[in-house]
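Structural overview
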Amino acid sequence: MLALVMLINRAGSMVLPFLGVYMTAHLKFSIEHTGIVLSFFGIGSVIGSWLGGFITDKIGEYKVQYLSLLLSVPLFCLIPLFKTEVGVAAIILIQSIVSDSFRPANSVAITKYAKPENITRAFSLNRMAVNLGFSIGPALGGILSAISYEFLFFSNALAALLAGILYIVFFRKRNKLAKLRARKVKEAIEIKKENSPYRDSKFLIYCFLCMLFSICFFQLFSTLTIFYKDTAHLSQQNIGYLLGYSGFIVVLLEMGLVQIAEKYLSLARTMFLGTFICGLSYAMLGFDYSIITLVISMTLLSIGEIWALPFMSTITALRSGKNNKGAYMGLNGISFSIAFIVTPYLGTLIAEKLGFTVLWVGTGVLATLIAIAFYFIVPWMIKDNKEIID
């Protein structure tokens, strides 16, 4: 049901991939100003990830998730009313804070309801729902944006409303039972005070690498769509179909590839392969952007994503304690959110000043270095954590 809620929510996620195109084509912002405005999504994401993790450990993941979903509804509807760079940046900042407070709470809910031996597959199932929604959303978004960009925002609002209602209906009673069980456990055992993730030096290094990976990967949501439109000359519909194809590939292959990785690969090797393949998918765009190359690149990016993102969440859960999972998930979420700040501005700046070829090849080189770092850092970080997640 957590995955179904995520599917409905993400099926309406048509806005983010088209924000760059919306601002350059519809609002007539420059590429550089578009990158700056998109960075405010990342700033809001940082604040939302921290706030969501902090509040989750205080009031529980149930309240944080339904409040985030329901408060997102009016904010999505307000976005089309803002036409200036300052106005769009402000509403995107607020909307991002509210929406991204959902993520650490959702991750904690997964660790709460999943069996310990299924934790990676539970994260994968949730991500599969994200990507199934992402395969539906952009494809539909490409069609709707050709008619009116306002449809994108209203559709996102409707999806958030439906997801919020479904979540409340299904989890309201289950959350009360879970809180009752947790209270009995607290009364039966002495609660051990656990360290803050912000004082965990090994985890901070790991989060820094996650941030660098995200800077590479999240060009999917900003510079890549601009590249498709301006350099590869794809229509908005075809951009939507290509992004939808990415989601379809992830849905089709994720559970199988995750099980293969769990059975035959260590966490370090899985992270190395996933990060390297993502870098390769971008690097090849520096040499050719025919439709065949674009499809192959997106296929590789999807495979690399499968072997990187769900395992990042698993490693975070392994590193955290029993009572500070929200804080750990929030800090790891912040590493992704910082990338949302850096990626749009840095990507558009490099593309405008040096060209897309330098951007894509540089991304490939950086991702390769990150992959090597993951290979050595991950075992060092989790070797002293002997506990299986409760």
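Since the structure is predicted, the reported quantities are computational estimates derived from the model, not experimental observations.

**Overview of the overall build of the protein chain**
Summing up its helical and strand segments, the protein chain has 16 helices and zero strands in all. Buried residues in the protein chain amount to 56% of all 390 residues. Sequence separation of at least 24 residues holds for 86% of the intrachain contacts in the protein chain that already meet a minimum separation of 6.

**Notes on the packing of aromatic side chains**
Overall, the coordinates contain 22 aromatic pairs when judged by the stated rule. Arranged with centres 5.3 Å apart and planes meeting at 75°, the rings of Tyr22 and Phe153 form a pair that is edge-to-face. Of this pair, Tyr22 sits in helix α2 (residues 15-26) while Phe153 sits in helix α8 (residues 150-188), and the two are 131 residues apart along the sequence. The two residues Tyr22 and Phe153 agree in class, both being buried. Geometrically, the ring pair formed by Phe227 and Tyr228 is tilted, given 6.3 Å between the ring centres and 45° between the ring planes. Using a relative accessible area of 1% as the deciding quantity, one classes Tyr228 as buried. Through a chain of ring-to-ring contacts, the aromatic side chains of Tyr62, Tyr66, Tyr113, Tyr167, Phe170 and Phe171 assemble into a single cluster.

**Comments concerning a positive patch on the surface**
On the surface, Arg172, Lys173, Arg174 and Lys176 cluster together into a positively charged patch. The residue Lys176 is located in helix α8 in this model.

**Examining helix α4 (residues 61-78)**
End to end, α4 covers 26 Å across 18 residues, agreeing with the expected 26 Å (1.5 Å per residue, within 8%). Considering bend angle alone, the principal kink of α4 is centred on Ser72 and spans about 30°; proline Pro74 follows within four residues of it. What α4 keeps buried is the set Glu61, Tyr62, Val64, Gln65, Ser68, Leu69, Ser72, Val73, Leu75 and Phe76.

**Let's talk about the packing of helix α9 (residues 201-217) against helix α15 (residues 325-353)**
Relative orientation of the contacting elements α9 and α15 amounts to 35°, with a least axis distance of 8 Å. Here α9 and α15 pass one another in a crossing that is right-handed. Taking contact as the criterion, the partners of Phe203, Leu204, Tyr206, Cys207, Cys210, Met211, Ser214 and Ile215 in α9 are, on α15, Tyr328, Leu331, Asn332, Ser335, Phe336, Ile338, Ala339, Val342 and Thr343. Partitioned by chemical class, the residues of the contact of α9 with α15 number 13 nonpolar, four polar and no charged.

**Regarding the pattern of salt bridges**
For the structure shown, the criterion picks out three salt bridges. Between Asp200 and Arg319 there is a salt bridge whose closest N-O contact spans 2.9 Å. Highlighted residues: Asp200 in the loop between α8 and α9 and Arg319 in helix α14 (residues 309-319), separated in sequence by 119 residues. Each member of the pair, Asp200 together with Arg319, is buried.

**Some points on the environment of Ser281**
Note on placement: Ser281 falls in helix α12 (residues 267-283). Judged by its relative accessible area of 1%, Ser281 is buried. For the pair Ser281 and Thr363, spaced 82 residues apart in sequence, the C-alpha separation works out to 9.5 Å. For Ser281, the residues in contact, after removing those within four places along its chain, are Ser297, Leu300 and Leu301.

**Brief notes about helix α16 (residues 356-382)**
Relative to the 39 Å expected for 27 residues at 1.5 Å per residue, α16 spans 38 Å between its end C-alpha atoms, a close match to the ideal helical length. Of all the bends in α16, the greatest, near 30°, is centred on Phe374.

**Examining the nonpolar core**
Grouped together as the largest cluster of nonpolar side chains are 83 residues, with contacts concentrated most on Met312 and Phe374. In terms of residue count, α9 provides more of this core than any other element does, 11 residues in total. Counting the residues that make up this core, at least three belong to each of domain 1 (1-180) and domain 2 (197-384). Not counting residues up to four positions away in its chain, the partners in contact with Phe374 are Tyr206, Leu209, Cys210, Phe213, Ala268, Met271, Thr275, Met312 and Pro379. By size, the runner-up hydrophobic cluster in this structure holds 20 residues, among which are Tyr62, Phe123, Phe171 and Ala317.

**Notes on the environment of Met211**
The residue Met211 is located in helix α9 in this model. Taking the C-alpha atoms as reference points, Met211 and Ala339, 128 residues apart in sequence, are found 5.7 Å from one another. When residues no more than four places from it in sequence are discounted, the contact partners of Met211 are Ser335, Ile338 and Ala339.

**Side note on the packing of helix α5 (residues 85-100) against helix α6 (residues 102-113)**
Packing of α5 against α6 leaves a shortest axis separation of 5 Å and a crossing angle of 10°. Here α5 is positioned roughly parallel relative to α6, judged by the angle of their axes. Across the interface between the two elements, Val98, Ser99 and Asp100 of α5 pack against Phe102, Arg103 and Pro104 of α6. Of the residues in the contact of α5 with α6, the class split is three nonpolar, one polar and two charged.

**A closer look at the confidence of the model for the protein chain**
Per-residue pLDDT for the protein chain has a mean of 83; in total, 89% of the residues score no lower than 70. Across the protein chain, the secondary-structure element scoring lowest on mean pLDDT is helix α7 (residues 119-147), at 72, and the one scoring highest is α12, at 96. Long-range and interchain partners of residues 184-192, a stretch whose pLDDT sits below 50, account for three contacts in this model, where long-range means more than four residues apart.

About the thresholds
Residues numbered from 1 in each chain as written. Predicted model: local features only at pLDDT ≥ 70, side-chain atom pairs only at ≥ 80, totals over all residues. Heavy atoms only, no water. Helix = DSSP H or I, 4+ residues; strand = E, 2+ residues; numbered from the N terminus. Buried < 20%, exposed > 50% of the residue type's maximum accessible area, 1.4 Å probe, protein only. Contact = heavy atoms within 4.5 Å. Phe/Tyr/Trp six-rings, centres within 6.5 Å; stacked < 30°, edge-to-face > 60°. Patch = residues over 30% accessible without salt bridge, like charges linked within 9 Å, V, L, I, M, F, W, Y side chains within 5 Å. Areas by Shrake-Rupley, 256 points an atom, 1.4 Å probe, with all protein chains shown as cover. Salt bridge = Lys/Arg side-chain N within 4 Å of Asp/Glu carboxyl O. Lys, Arg positive; Asp, Glu negative; His and termini not counted. Charge placed at Lys NZ, Arg CZ, Asp CG, Glu CD. Expected span 1.5 Å × (residues − 1). Bend = angle between axes of the 7 residues up to and from the residue. Axes fitted to C-alpha atoms, helices over the stretch in contact; angles between N-to-C directions. Left-handed = near helix turned anticlockwise from the far one by under 90°. Nonpolar A, V, L, I, M, F, W, Y, C, P; charged D, E, K, R; others polar. Core = buried A, V, L, I, M, F, W, Y, C linked by side-chain atoms within 4.5 Å. Domains from an automatic or database assignment. Parallel < 35°, antiparallel > 145°, perpendicular 65-115°, else oblique. pLDDT = per-residue confidence, 0-100.

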